[in-house]
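Architecture at a glance
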Amino acid sequence: SNSSRLSRMSFSGEDGRAAQARPAPGAGGDRPMVTFARRTHSGRYVSYSRDDLDSELANSELAGGGGGFSPDREEFLSYHVHIPVTPDNQPMDPAISARVEEQYVSNSLFTGGFNSVTRAHLMDKVIDSEASHPQMAGSKGSSCAVNGCDGKVMSDERGQDILPCECDFKICAECFGDAVKNAGALCPGCKEPYKATEMEDLVGGGADGGARPTRLSIVRSQKAMTRSQTGDWDHNRWLFETKGTYGYGNAIWPKENDADNGNGGSGGGLGGTDGQPAEFTSKPWRPLTRKLKIPAGILSPYRLLVLIRLAVLGLFLTWRIKHKNEDAMWLWGMSVVCELWFGFSWILDQLPKLCPVNRATDLAVLKDKFETPTPSNPNGRSDLPGLDIYVSTADPEKEPPLTTANTILSILAADYPVEKLSCYVSDDGGALLTFEAMAEAASFANMWVPFCRKHGIEPRNPESYFSLKRDPYKNKVRSDFVKDRRRIKREYDEFKVRINGLPDSIRRRSDAYHAREEIKAMKRQREAALDDAVETVKIAKATWMADGTHWPGTWIQPSAEHTRGDHAGIIQVMLKPPSDDPLYGGDGEEGRPLDFTDIDIRLPMLVYVSREKRPGYDHNKKAGAMNALVRSSAVMSNGPFILNLDCDHYVYNSQAFREGMCFMMDRGGDRIAYVQFPQRFEGIDPSDRYANHNTVFFDVNMRALDGLMGPVYVGTGCLFRRVALYGFDPPRSTEHGGCCSCCFPKKRKIKSTVSSGTSEETRALRMADFDDEEMNMSTFPKRFGNSNFLINSIPIAEFQGRPLADHPGVKNGRPPGALTVPRDLLDASTVAEAISVISCWYEDKTEWGQRVGWIYGSVTEDVVTGYRMHNRGWKSVYCVTKRDAFRGTAPINLTDRLHQVLRWATGSVEIFFSRNNALLASRRMKCLQRIAYLNVGIYPFTSIFLIVYCFLPALSLFSGQFIVKELDVTFLTYLLVITLTLCMLAVLEIKWSGINLEEWWRNEQFWLIGGTSAHLAAVLQGLLKVIAGIEISFTLTSKSGADDENDEYADLYIVKWTSLMIPPIVIMMVNLIAIAVGFSRTIYSEIPQWSKLLGGVFFSFWVLAHLYPFAKGLMGRRGRTPTIVFVWSGLLAITISLLWVAINPPSQNSQIGGSFQFP
């Protein structure tokens, strides 16, 4: 059994189902050493430790304390029991013990943190409903029938019991081992001897008696295929076990039907196009991606127009400075300053757009390179690297659990190798509602994911799929699709009802358990008090899980150590790692009423993570939560690539992961830090009133940046290289010059990093922003913390993330077939280490958030994180797929939209006043990329000049003056040329980007709306933070829609007041009144001079046209605005204009138009 090895026996007064760990007092430094202990089903206590020596010292200190054992003490006594190996006492096979351990881990809720016990709570069930998938936590399983044992019977990958005896006596793995060793291999039920006494023999056969590959099967890697005597490669064994052939230059034994397969010798298999094996047909190397340049007929005129407009703008500003308006110097001065800033801002925005590109991927080549049988991969296992996906959520009230559950379902059903995919859900609120919603999603995935694979469903978000307005039966050829779809639709409706009913279910359950606890407490108090008066017992009202235990996270009624800012770290493996080989379903299996014959029913690993939070620690909002996921995933799965998604952004294209991986695995892909996908939104009103689609940014600016060093990181839908997040420099960083290397090459002495004592992994990991120093692995604990698991995973992630070395031009590549070996099984010590790295103290005295992981110090941590990578020399890529990769939601309400823009703009101001300012960038960043990042930090300051310029038309109409002395031909010509070139540039941008004119105009409108409201507030808040040190706090953007079920866009018409609306309202009122005053002045003049109105009224209409969507939003729903509002508005404007004329009557000798008069 497990305890027959050298183990540590721990006795505790806690609940027998809870495994415990405590900080060892002998650990060095401020970081406590976590030892992990758990109780097995059969009652044994087994302890896992990071370091046996330290644990022994800690235990000796406990033992030396003397005194009796108290169940109320947090300490527990430990001692070693060493049972020597004898013929009657043989240790369990490591593969079997690992399987047992993984089954235990997948059914345990791990909690812990700083100065607290690390517990592994074995859960009988995770949700009230029954879990049917064998990978799911709390999945049903038979109990061991041996008296005194409450263990679970071993099960295969299908969840079926493994019964060693023909009498079907149910026995767990530990009791089976005891029966074989100590009871003469007799079955405890029928007392007959077992026919098979080795667990490998039992696991190797499935329910149908045939051999089925499982996790317990011996994986024959290439290392195992060596002769035990000489260590040479065993070709015969390889040929026999893999059905392969000899390599080039050796005799080849083709299959019998390879020469003539009925298709003229052009069949598949190992045969080539002429009947010869594929090894004889030379395959040309094909790239995974290609760059599609913009046609010269569009790009050349576009660049020419930019130069023409730049020259005209310079001449115009020179003319404006030379020709002053002596009659209104104040008006002229303000206008010239604003125009100079607008010209500078336009240059910053336009220069990075000179080199736009488009890109395309070839998924067929990706499949051919990584998933096709080859001599190095004879079984055709996927050689793609692992991928860890992060889904972040923080508040189940503002981010509905149903939305998050649909996002997770779309990830689990994605078209990517199941064994290479892992999904981590970060619940920064620590809510039981989110936890049980994720468990319900894992349970529903048992049917949804195989259904999507069987019928090729797109999109694989059930809510979006069942809401499609197109014909769902188009291109469906399987006869059972209609029946399957109806059943899945019914199951999904029930799933939604369960999710929507979770809040009430949790509340009722907690009330019932609380009442029971109060009754027990009162009974104990009466027994203790005897005849004395008994006071009312007050017990903190806890939130209870489905298995009848306290929820370790945030309670519905907050209590000590159970609030949003004070709770333990939590990790629950909702779906344990799948088997390495496909697991095909059947017809009408239990838990799967649909026919999934020949359909892989495995599910990717799904993990729930809620990092520890304690008072007094700065948890750094979303950036801190993402860094906690980086560390925990590095310990548990260590995928070399990371994709982060917001909880409301789901996978719309099931092959999006493969599209992004094409860039990472292509030649030169090892220098790509991240692949950014465009953000696409659903639920936007057809007119896109507030430019929620933001197509000008995602389809114009981002495509243009892709021609430089790459697009900026925009927070979601981004595929990262893990080592780039760790703060390392890109490979061959010393071979690439700085920002002006293309024009002024500079010879540099490249210090060789190759030395006899430096490993290949160490040479590939460099972290130096301004010098060429070699990395010293001994400094990693100071950068990444003291977790050896985490530090040891770094070179592994770097190696696995390299592209294939299948071409001479591929530098820093890995050999084909290196990632086809299965990954290690999860064990309890690994998850306990993951609990340690998500503790609130782990980042102390490390570089997390400074140069490692997501960067802290800004509300727009995404832009700063991408900037740091580009500053080290990394590149990024913009991946625009034919079918949108991801889709999400955006706030269509005016107030929510303004608050969203305010958060972005405030982050930009913080960037400008920080060390992340592009002016301080390193020489590795190219010049145009530097200008683009400079524009990111400067654009909010345009709001100051924009607001002044929006008031200038009104001031002109009020004063009777204009920004120029005369409306002469020169001024009008400049104005016309500048306007025409702007329109022509917009048309060409529409041509090469694919957007339409309406989207461009909506962007222009909201640029002015946001610039006169949110951007100005962002500048003020940023200045307050820099000067006075006042921190800025933002509320989470609500992802829930309006309550009106009959109107999809009901939220659009809701008017929620905010102070951000004051400046645009004042601008509109002042300009409207100024127009009325101008007309009144002209009408009541004895000699009307209509030319006085021309300049002011034109620019006032320009301002009002841009603010029209804002004014429409203030009116609410069409038809609900009372008519009296418009009547009173008109009367108010007329009254104010007449009052102004009475106070300041028009003079007869002032005119601004010279001799020009309106006819």
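Keep in mind that this is a model prediction, so the values were computed, not measured.

1. Details of the overall build of the chain
Within the chain, the regular secondary structure consists of 32 helices and 23 strands. A separation threshold of at least 6 residues defines the contact pool for the chain, and within that pool the share at least 24 residues apart is 76%. When the accessible surface of the chain is totalled, it reaches about 51,700 Å², and 56% of it is carbon and sulfur.

2. Brief notes about the UniProt feature "binding site: Mn(2+)" (unreviewed entry) in the chain
UniProt tags Lys622 and Asp646 as "binding site: Mn(2+)" (unreviewed entry). In terms of the greatest pairwise C-alpha distance, the residues named above, spread along 25 residues, form a tight cluster of at most 10.5 Å across. Among the structural elements, lysine 622 can be located in helix 14 (residues 621-636). According to the relative accessible area criterion, lysine 622 is partly exposed, its value standing at 26%. Residues contacting lysine 622, with those up to four places away along its chain left out, are Ser392, Asp646, Gly715 and Glu861. Topologically, aspartate 646 is positioned in strand 17 (residues 641-646).

3. Re the UniProt feature "binding site: UDP-alpha-D-glucose" (unreviewed entry) in the chain
Feature annotation in UniProt assigns "binding site: UDP-alpha-D-glucose" (unreviewed entry) to the following positions: Ser392, Lys398, Glu399, Asp428 and Lys621. Within the fold, lysine 398 resides in the loop between strand 11 (387-393) and helix 9 (401-412). The residue glutamate 399 is located in the loop between strand 11 and helix 9 in this model. Polar side-chain contacts of glutamate 399 include one of 2.8 Å to the backbone nitrogen of alanine 394.

4. Some words on the packing of helix 10 (residues 432-455) against helix 13 (residues 502-529)
Two elements in contact, helix 10 and helix 13, have axes separated by 10 Å at closest approach and are oriented at 120°. The pairing of helix 10 with helix 13 is recorded here as oblique in orientation. Of the two possible hands of crossing, helix 10 and helix 13 adopt the one that is right-handed. Facing Leu432, Leu433, Glu436, Ala437 and Glu440 of helix 10, the residues of helix 13 in contact are Leu502, Pro503, Ile506 and Arg509.

5. Details of helix 13
Because the α-helix completes a turn every 3.6 residues, residues three or four places apart line up on one side. Look at helix 13: 40 Å from first C-alpha to last across 28 residues, which is about the 40 Å you get at 1.5 Å a residue. Of all the residues in helix 13, the buried ones are Leu502, Ser505, Ile506, Arg509, Ser510, Tyr513, His514, Ala521 and Ala529. On its buried face, helix 13 is in contact with helix 10 and helix 12 (481-500).

Thresholds applied
Residues numbered from 1 in each chain as written. Predicted model: local features only at pLDDT ≥ 70, side-chain atom pairs only at ≥ 80, totals over all residues. Heavy atoms only, no water. Helix = DSSP H or I, 4+ residues; strand = E, 2+ residues; numbered from the N terminus. Contact = heavy atoms within 4.5 Å. Areas by Shrake-Rupley, 256 points an atom, 1.4 Å probe, with all protein chains shown as cover. UniProt positions renumbered as here; feature names shortened; annotations may be inferred. Buried < 20%, exposed > 50% of the residue type's maximum accessible area, 1.4 Å probe, protein only. Polar contact = N/O pair within 3.5 Å; in protein donor to acceptor, adjacent residues only side chain to side chain. Axes fitted to C-alpha atoms, helices over the stretch in contact; angles between N-to-C directions. Parallel < 35°, antiparallel > 145°, perpendicular 65-115°, else oblique. Left-handed = near helix turned anticlockwise from the far one by under 90°. Expected span 1.5 Å × (residues − 1).

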